Amino acid sequence: MSNLKKNIIFKRLEPHLYNNEINNSNIEKLLTSLRISKSEFFENFPKKIDDLCFFYFENIYIKASKSVKRKNVNEKSISKKTNLFVSEFIKNFHYKKKASIFFLSYGLLNPLLYSKALYNVSSNIWYDIGDKSTDFNYYTKRLILFNIIRNSLFYWRKTLDQKKTLNFSERQVIFFGKLGKLKFETKKLLHNKLSFLSSKK
């Protein structure tokens, strides 16, 4: 019910994002003019624009995730699965272009909030892919994907071109996928060499 209420409030506020009409100073005045209950708003978004921003990124990912799952793609390649989730996230982000520009601009002015929102998206992608890492790889995978998404959104903001951004993000996913394979093969080779040397003693 809480998420439904958030969506209702957000949809009523959304048109006022497009011309930067909303900020933390005037939001209560806007709530009054739109006849949105202040108690309901602050119950769902106590930190005002910060919470609206976090909710927006989370909601964009939920839509992207549902889109991927509807396609029911039986893909075994982790790199291709990752790219599929990132691509759908970018497509949904682009679809809501004006709101996305507002929250991306707000996020860049509030880097800690922005980082938390994108890390949450990154973590959710790995969860949906089925990652079961519990060691240091759990964090490295999420940080790498966090950087891919962050760089892709920077690129999107600069170009506002969905097709170019999708190509850009795919190249990054492929590049970091190759690095991951190289790291795995190097560790495997090193382990085998150490085992061989140990057996010679």
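Within any chain, residue numbers begin from 1 and follow the written order of that chain's sequence. For a predicted model such as this one, the threshold for reporting local features is a pLDDT of at least 70, and the threshold for listing and counting side-chain atom pairs is 80 or more; totals across whole chains, interfaces and linings nevertheless cover every residue. Calculation of side-chain values draws on the structure's entire complement of heavy atoms; hydrogens and water are dropped beforehand.

Draft legend 1. A look at the packing of helix α6 (residues 97-109) against helix α7 (residues 111-129). Across the interface, α6 lies against α7 with an axial gap of 5 Å and an inter-helix angle of 120 degrees. In terms of orientation, α6 and α7 fall into the oblique class. Counting all contacts with α6, which are made through L104, Y106, G107, L108 and L109, the residues of α7 involved are P111, L113 and Y114. Following the grouping adopted for this structure description, the nonpolar residues are Ala, Val, Leu, Ile, Met, Phe, Trp, Tyr, Cys and Pro, the charged ones are Asp, Glu, Lys and Arg, and the polar ones are all others, Gly among them. When its residues are assigned to classes, the contact of α6 with α7 shows seven nonpolar, one polar and no charged. In this analysis, axes come from line fits to C-alpha atoms, helices being fitted only over the stretch in contact, and the angle between any two N-to-C directions falls in the range 0 to 180 degrees. Strands here mean DSSP runs of E at least two residues long; helices mean DSSP runs of H or I at least four residues long; both are numbered from the N terminus. These descriptions rest on fixed angle ranges, namely under 35 degrees for roughly parallel, over 145 for roughly antiparallel, 65 to 115 for roughly perpendicular, and the rest for oblique. Any two residues whose heavy atoms approach within 4.5 Å at even a single point are treated as in contact.

Draft legend 2. Up close: the pattern of salt bridges. The rule for a salt bridge is simple: a side-chain nitrogen of Lys or Arg has to be within 4 Å of a carboxyl oxygen of Asp or Glu. In the structure shown here, the tally under the stated rule is seven salt bridges. In this structure, K96 engages E14 in a salt bridge whose closest nitrogen and oxygen atoms are separated by 3.1 Å. Residue K96 is found in the loop between α5 (78-95) and α6, and its partner E14 is found in the loop between α1 (2-13) and α2 (27-33); the two are separated by 82 residues along the sequence. Classification of residues uses two cut-offs on accessible area relative to the type maximum, computed with a 1.4 Å probe and protein chains only: under 20% is buried, over 50% is exposed, and between them is partly exposed. Classification of K96 as partly exposed rests on a relative accessible area of 26%.

Draft legend 3. Geometry of the packing of aromatic side chains. For this analysis, a ring pair means two rings from Phe, Tyr or Trp (six-membered ring only for Trp) whose centres lie within 6.5 Å, classed as stacked if their planes differ by under 30 degrees, edge-to-face if by over 60, and tilted for the remaining angles. Taken as a whole, this structure holds 18 aromatic pairs when the rule is applied. A ring pair is formed by F10 and Y56, whose centres lie 5.9 Å apart and whose planes are at 25 degrees; its orientation type is stacked. Linking F10 in helix α1 with Y56 in helix α4 (residues 49-71), this pair joins segments that are 46 residues apart in sequence. Assessed through its relative accessible area of 7%, F10 is described here as buried. Taking the centre distance of 6.0 Å and the plane angle of 25 degrees together, the rings of F89 and F93 count as stacked.

Draft legend 4. Quick peek at the nonpolar core. Among buried residues, the Ala, Val, Leu, Ile, Met, Phe, Trp, Tyr and Cys ones that are joined through side-chain atoms within 4.5 Å form a nonpolar core. Ranked by size, the top nonpolar core spans 48 residues in total, and within it L13, F57 and F89 carry the most contacts. Going through the elements one at a time, α1, α2, α4, α5, α6, α7, α8 (137-159) and α9 (162-199) are the ones with two or more residues in this core. The element that contributes the greatest number of residues to this core is α4, accounting for ten residues. In this structure, F57 is in contact with F89, F93, F103, Y114, A117, L118, V121 and L153, ignoring residues within four places of it in sequence.

Draft legend 5. Seen up close, α8. By definition here, a helix of n residues has an expected span of 1.5 Å times n minus one. With 23 residues, α8 extends 33 Å from end C-alpha to end C-alpha; this agrees with the ideal 33 Å at 1.5 Å per step. For α8, the set of buried residues is T140, R142, L145, F146, I148, I149, S152, L153 and W156.

Draft legend 6. Looking closely at the side chain of E14. Looking at E14, the relative accessible area reads 7%, which means it is buried. Apart from residues lying up to four places away in sequence, E14 is in contact with K96 and A99.

Draft legend 7. Spatial organisation of unusual backbone geometry. The backbone phi angle of K48 is positive, close to 55 degrees, even though this residue is not glycine. Considering the arrangement of structural elements, one finds K48 in the loop between α3 (38-44) and α4. If you check the backbone angles, L160 has positive phi at about 50 degrees while not being a glycine.

Draft legend 8. Up close: the packing of α4 against α7. Two numbers describe how α4 lies on α7: the axes approach to 10 Å, and their chain directions differ by 20 degrees. Taken together, α4 and α7 sit at an angle that is classed as roughly parallel. Here α4 runs over α7; the crossing is right-handed. Contacts between α4 and α7 involve D50, C53, F54, F57, E58, Y61, S65 and K69 from the first element and L113, Y114, K116, A117, L118, N120, V121, N124, I125 and D128 from the second. Tallied by class, the residues present in the contact of α4 with α7 amount to ten nonpolar, three polar and five charged. Should the near helix be turned anticlockwise from the far one by less than a right angle, the crossing is termed left-handed; should it be turned clockwise, right-handed.

Draft legend 9. Examining the environment of F102 more closely. Tracing the sequence through the fold places F102 in helix α6. Look past the residues within four positions of F102 in its chain and what remains in contact with it is L17, N20, I22 and I49.

Draft legend 10. Highlighting the side chain of T82. Inspection of the secondary structure puts T82 in helix α5. For T82, the contacting residues outside a window of four places in its chain are W126, I129, L145 and V173.

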